Amino acid sequence: MEIRALSVIGAGQMGSGIAQTAAQSGLVVTLYDSHPEAAKRGQALIFENLTRSAAKGRITKEAMDRAFAQIRLITDLEEARDSDMVIEAAPEDKGIKRSIFQELDRICLPSAILATNTSSLSITEIAGATRRPERVIGMHFMNPVPVMPLVEIIRGLATSGEVLNSVQSLAQAMGKTPVEVSDFPGFVSNRILMPMINEAIYAVYEGVASPEAVDQVMKLGMNHPMGPLALADFIGLDTCLAIMETLHEGFGDSKYRPCPLLRQYVRGGWLGRKAGRGFFAYD
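Position numbers for residues start from 1 in each chain and track the written sequence from start to end. A pLDDT threshold of at least 70 governs which residues receive local features in this predicted model, and a stricter bar of 80 or more applies before side-chain atom pairs are shown or counted, although totals over entire chains, interfaces and linings include all residues. Computation of side-chain values: all heavy atoms of the structure, hydrogens and water removed.

Let's shift gears to the UniProt feature "domain: 3-hydroxyacyl-CoA dehydrogenase C-terminal" (unreviewed entry) in the protein chain. UniProt positions are given in the numbering used here, feature names are shortened, and annotations may be inferred rather than shown by experiment. Mapped onto this structure's residue numbering, the UniProt feature "domain: 3-hydroxyacyl-CoA dehydrogenase C-terminal" (unreviewed entry) falls at residues 186-282. The secondary structure listing takes helices from DSSP runs of H or I that are at least 4 residues long and strands from runs of E that are at least 2 residues long, numbered from the N terminus. Along residues 186-282, the helical share is 62% and the strand share 0%, with 28 Å between the first and last C-alpha atoms.

Written as structure tokens, this is what we have:
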């Protein structure tokens, strides 16, 4: 199945990045957010990113204008009905995602593929909210989407081979490298990354080292481009906590227990870059 018309649900950092990347690959994109102001912020972020790329000579002004014109904001989810595929990029909350998929299943054509950008939740469980589990799949992009080449492709228990092939082809058309992984909590990326971040937080919590020292050790000693605590702030500490809770619940193993300091920061609203404060302070 060739995918030409794509809808993206959620205009946050991930959703706007997916919409931008899809538009740059020639797809007609509709971008929806339940909050109109959030949709406008997402559109502004796309314009800013495209403008920056053009200024640096990565794309031409013509390509920039063409990509931006390919994206249409919608405020009514019903307008996604004619899409060949919908990618959901809502918050990492199982209840929210299942509710969106239930609604998309009602709205969209029976042939439409429904994908979720979840970073840790069960594709099979999300697909269970629909009457088309064979056409539901995970498509986990990395942040920032326009830059990072990887997309984890996750089949649910019922996902068909045809849908898998179509989504892998779409990822390649978007300039990404699709890697198929199985439907387990955290998949591969976050099953490895998040426990490392959580352990870095434990090092601070137990007084082993300061956040600056922890990150310096990992950058200079392990050649990481960004320290784990700066990366946690970039991802969002609330997102890190949600993924760790998914891993802990899904595997029932104490090694995935979220650090109490992570919980404390999230409760205090210290969510990282987006809040201006996490393990580090931001303007």
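On we go.
With that settled, the discussion passes to the layout of surface pockets. A 1.4 Å probe that fits into a set of points on a 1 Å grid over the protein atoms alone but cannot get out defines a cavity; an open set with protein on both sides within 12 Å along at least five of seven lines defines a pocket, and lining residues are those with an atom within 4 Å of a point. Grid points are joined across faces, edges and corners, and a volume is the space filled by probe spheres set on the points. One number sums up the size of the second largest pocket: a volume of about 380 Å³. Around the second largest pocket, the lining is made up of 16 residues, and of these Gln 20, Asn 49, Ser 53, Pro 146 and Val 147 lie nearest the centre. Elements supplying a minimum of two residues to the lining of the second largest pocket: helix H1 (13-24) and helix H2 (36-55). Ranked by the residues each element gives to the lining of the second largest pocket, the list is headed by H1, at five residues.

Among the nonpolar cores identified, the biggest contains 36 residues, and Val 29, Met 85, Ile 87, Ile 137, Met 139, Phe 141 and Val 167 are the most heavily contacted of them. Between two residues, a contact is recorded if the distance between any of their heavy atoms is within 4.5 Å. Apart from the residues within four sequence positions on either side, Met 139 is in contact with Met 85, Ile 87, Ala 115, Thr 116, Asn 117, Val 151, Glu 152, Ile 153, Ile 154, Val 167, Leu 170 and Ala 171. Of all hydrophobic cores here, the second largest spans 25 residues; its members include Met 194, Ala 200, Val 214 and Leu 247. Among the buried residues, those of types Ala, Val, Leu, Ile, Met, Phe, Trp, Tyr and Cys that are joined through side-chain atoms within 4.5 Å form a nonpolar core. Exposed residues in this analysis have more than 50% of their type's maximum accessible area, buried residues have under 20%, and partly exposed residues fall in between, with area computed by a 1.4 Å probe over protein chains only.

Next up on the list: the packing of aromatic side chains. Stacked, tilted and edge-to-face are the three classes applied to pairs of Phe, Tyr and Trp rings, where Trp contributes its six-membered ring and a pair requires centres within 6.5 Å; stacked means planes under 30 degrees apart, edge-to-face means over 60, and tilted covers the rest. Overall, the coordinates contain five aromatic pairs when judged by the stated rule. Seen in terms of ring centroids, Phe 47 and Phe 68 are 5.2 Å apart; in terms of plane orientation they differ by 65°. Their pairing is edge-to-face. Of this pair, Phe 47 sits in helix H2 while Phe 68 is found in helix H3 (residues 61-69), placing the two residues 21 residues apart along the sequence. Ring geometry for Tyr 265 and Trp 270: centres 5.1 Å apart, planes at 70°, overall edge-to-face. When its relative accessible area of 34% is taken as the criterion, Trp 270 is described as partly exposed. An aromatic cluster is defined as three or more aromatic residues linked by ring pairs; in this entry it consists of Tyr 265, Trp 270 and Phe 279. In our convention, an over-ring charge means Lys NZ or Arg CZ found within 6 Å of a ring centre and within 35 degrees of that ring's normal. A cation sits over an aromatic face here: Arg 277 above Trp 270, 3.9 Å from the ring centre.

Locating Ser 182 in the fold gives a position in the loop between strand S8 (177-181) and helix H7 (189-205). Assessed through its relative accessible area of 47%, Ser 182 is described here as partly exposed. Note: C-alpha distance between Ser 182 and Glu 79 (103 residues apart in sequence) is 32 Å. Discounting residues that sit within four places of it in the chain, Ser 182 has contacts with Ile 154 and Phe 187.

Moving on, we come to the environment of Ile 18. Turning to its location among the elements, Ile 18 is positioned in helix H1. A residue is classified by how much of its surface remains accessible, and Ile 18, at 0% relative accessible area, is buried. Those residues within four positions of Ile 18 in sequence are excluded, and the remaining contacts are Val 8, Ile 87, Ala 89, Asn 117, Phe 141, Val 145 and Met 174.

A few words now on the side chain of Asp 105. With respect to the helices and strands, Asp 105 occurs in helix H4 (residues 94-107). On the accessibility criterion, Asp 105 (6% relative accessible area) is buried. Setting aside residues up to four positions removed in sequence, Asp 105 forms contacts with Leu 114, Thr 130, Arg 131 and Arg 132.

The working definition used for a salt bridge is a side-chain nitrogen of Lys or Arg within 4 Å of a carboxyl oxygen of Asp or Glu. Enumeration over the complete set of coordinates arrives at 16 salt bridges. In this structure, Asp 238 engages Lys 274 in a salt bridge whose closest nitrogen and oxygen atoms are separated by 2.9 Å. Of the two residues, Asp 238 is situated in helix H10 (residues 237-251) and Lys 274 in the segment after helix H11 (260-267); the sequence distance between them amounts to 36 residues. Asp 238 gets classed as partly exposed once you look at its relative accessible area, which sits at 28%. Its relative accessible area of 54% is what places Lys 274 among the exposed residues.

With that settled, the discussion passes to the pairing of strand S1 (residues 5-9). Burial analysis of S1 places four of its five residues in the buried class, the great majority of the element. In the sheet, S1 pairs with strand S2 (residues 28-32) via five bridges, with the strands oriented parallel. Residue pairing for S2: Ile 9 is matched across the bridge by Tyr 32. Note that the unit made of S1, H1 and S2 has a crossover that is right-handed. The criterion for strand pairing is that DSSP finds at least two bridges linking the strands in question. The pairing of S1 with strand S4 (residues 85-88) spans four bridges and is parallel. Counterpart to Ser 7 in the pairing with S4 is Val 86. Here, the term right-handed applies to a crossover whose path from the first strand over the helix to the second runs clockwise when the strands point away from the viewer.

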